[in-house]
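Here are the chains, one letter per residue:
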Amino acid sequence: MLQIASKYSQENEQEARLWIEDVIGEAISSGDRNTPLGMKGFHEALKDGRILCRLINVLQPNSVKKINDSKMAFKMMENIGNFLEACERYGVNKVDLFQTVDLYESQNMASVVNGIHALGRMAQKKGFHGPVLGPKEASSNVREFTEEQMKAGQGVIGLQMGTNKGASQAGMSFGKTRHIID
């Protein structure tokens, strides 16, 4: 648990928080906007999943049809699950998202912050014209090579293979030397 907590970045949390607030148009906490909430405060702000559902509904309208207002545990976890499913449908890779318990039980808040950043990157890639979070996600750059180009490349030894120029065993004397007696 301590190792997971050490991966938590308040700077990334603050970027994610400000992006969420700018996208949904309201504060997610009563605290000072310029001060990070910290792991506990960010968890409390997002725990019920309602803010996250509103966030994905702004990016992709009607992604989450019903947002539960109940404070019952399974309803809050259902909101988080609905958000995660909507993110997948939106195009965010499942490996970039977090698990419901990561947020609800505050087991891995670093993963939650990373998931929000992944959503921010996908929003840019999809052309969302609102606030920006993080760098734009790369798109594929497929290259086509002719058979002639492929054959020419086979004769080239890449530098990562190394070189044997200047290779010798000079200076390889270490340890005890062998004494041969006549």
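Up top is the structure.
These numbers were taken from a predicted model, which means no experiment stands behind them.

Asker: So what exactly am I meant to see when it comes to the overall build of the protein chain here?
Answerer: Of the regular secondary structure elements, the protein chain holds 8 helices and 0 strands. Starting at the N terminus, the α and β elements of the protein chain follow one another as α-α-α-α-α-α-α-α. In the protein chain, which comprises 182 residues, the share counted as buried stands at 34%. If you take every contact in the protein chain between residues at least 6 apart in sequence, the share linking residues at least 24 apart comes to 53%. Just so you have it, the protein chain exposes about 12,400 Å², and 51% of that area is on carbon and sulfur atoms.

Asker: Looking at this model, I keep getting lost on the nonpolar core. Mind explaining?
Answerer: Side chains of nonpolar character tend, in soluble globular proteins, to be buried together. Among the nonpolar cores identified, the biggest contains 40 residues, and Trp 19, Ile 20, Phe 42, Leu 46, Ile 116 and Leu 119 are the most heavily contacted of them. Of the residues forming this core, the biggest block, 9 residues, is contributed by helix α7 (residues 109-125). Setting aside residues up to four positions removed in sequence, Leu 119 forms contacts with Trp 19, Leu 55, Ile 56, Leu 59, Phe 83, Cys 87, Tyr 90 and Val 92.

Asker: Sorry, what's going on with the packing of aromatic side chains here?
Answerer: Scanning the entire structure with this criterion turns up 1 aromatic pair. Lying over the aromatic face of Tyr 104, Lys 47 brings its terminal NZ or CZ to 5.0 Å of the ring centre. The ring of Tyr 90 carries Lys 126 above its face, with NZ or CZ at 5.0 Å from the centroid.

Asker: How should I be thinking about the pattern of salt bridges in this particular structure?
Answerer: Side chains that carry opposite charge are capable of pairing whenever their charged atoms lie near each other. This structure, assessed with the given rule, holds 5 salt bridges. When the shortest N-O distance is used, the salt bridge between Glu 26 and Arg 54 registers 2.7 Å. Pair noted here: Glu 26 is in the loop between α2 (10-24) and α3 (38-46) and Arg 54 is in helix α4 (residues 50-59), with a separation of 28 residues, a long-range link. The salt bridge partner of Arg 50 is Asp 69, with a shortest N-O separation of 3.5 Å.

Asker: Sorry, what's going on with the packing of α4 against α7 here?
Answerer: The relative placement of two packed helices is expressed as an angle between their axes plus a distance between the axes. Where α4 meets α7, the closest approach of the two axes is 11 Å, and the angle between their N-to-C directions is 10°. Classified by the angle between their axes, α4 and α7 sit roughly parallel to one another. Each of Leu 52, Leu 55, Ile 56 and Leu 59 in α4 lies in contact with α7, whose residues at this interface are Ile 116, Leu 119 and Ala 123. Its residues assigned to classes, the contact of α4 with α7 comprises 7 nonpolar, no polar and no charged.

Asker: Looking at this structure, I do not really get α7. What am I missing?
Answerer: In an α-helix, one turn spans 3.6 residues, which is why side chains three or four residues apart end up on the same side. Look at α7: 25 Å from first C-alpha to last across 17 residues, which is about the 24 Å you get at 1.5 Å a residue. Looking at the residues trailing α7, positive phi occurs at Gly 127, about 85°.

Asker: Even after reading the chapter, I still don't get the state of the cysteines, so can you show me in this structure?
Answerer: Working definition: the covalent bond between the sulfur atoms of two cysteines is a disulfide. Using the criterion set out here, one finds 0 disulfides in the structure. Cys 53 takes part in no disulfide bond, and the closest cysteine sulfur, belonging to Cys 87, lies 9.2 Å away.

Asker: Even after reading the chapter, I still don't get the packing of α3 against α7, so can you show me in this structure?
Answerer: Where α3 contacts α7, the axes come no closer than 11 Å and their chain directions differ by 60°. Judged by the inter-axis angle, α3 sits oblique to α7. The interaxial crossing formed by α3 with α7 has left-handed handedness. Within the contact between the two elements, α3 uses Met 39, Phe 42, His 43 and Leu 46 and α7 uses Met 109, Val 112, Val 113 and Ile 116. Its residues placed into classes, the contact of α3 with α7 shows 7 nonpolar, 1 polar and no charged.

Asker: What is the right way to read the environment of Asn 93 from this model?
Answerer: By the element assignment, Asn 93 lies in the loop between α5 (73-90) and α6 (100-104). Among the residues examined, Asn 93 registers a relative accessible area of 46% and is labelled partly exposed.

Asker: Would you explain the environment of Glu 15 in this entry?
Answerer: Along the polypeptide, Glu 15 turns up in helix α2. In this structure Glu 15 comes out as partly exposed when scored by relative accessible area, which is 35%. Each C-alpha atom, one on Glu 15 and one on Val 113, is 9.2 Å from the other, the two residues being 98 residues apart in sequence. If we ignore the near neighbours within four places in the chain, the residues touching Glu 15 are His 117 and Leu 133.

Rules and cut-offs
- Residues numbered from 1 in each chain as written.
- Predicted model: local features only at pLDDT ≥ 70, side-chain atom pairs only at ≥ 80, totals over all residues.
- Heavy atoms only, no water.
- Helix = DSSP H or I, 4+ residues; strand = E, 2+ residues; numbered from the N terminus.
- Buried < 20%, exposed > 50% of the residue type's maximum accessible area, 1.4 Å probe, protein only.
- Contact = heavy atoms within 4.5 Å.
- Areas by Shrake-Rupley, 256 points an atom, 1.4 Å probe, with all protein chains shown as cover.
- Core = buried A, V, L, I, M, F, W, Y, C linked by side-chain atoms within 4.5 Å.
- Phe/Tyr/Trp six-rings, centres within 6.5 Å; stacked < 30°, edge-to-face > 60°.
- Lys NZ or Arg CZ within 6 Å of the ring centre and 35° of its normal.
- Salt bridge = Lys/Arg side-chain N within 4 Å of Asp/Glu carboxyl O.
- Axes fitted to C-alpha atoms, helices over the stretch in contact; angles between N-to-C directions.
- Parallel < 35°, antiparallel > 145°, perpendicular 65-115°, else oblique.
- Nonpolar A, V, L, I, M, F, W, Y, C, P; charged D, E, K, R; others polar.
- Expected span 1.5 Å × (residues − 1).
- Disulfide = S-S within 2.5 Å.
- Left-handed = near helix turned anticlockwise from the far one by under 90°.

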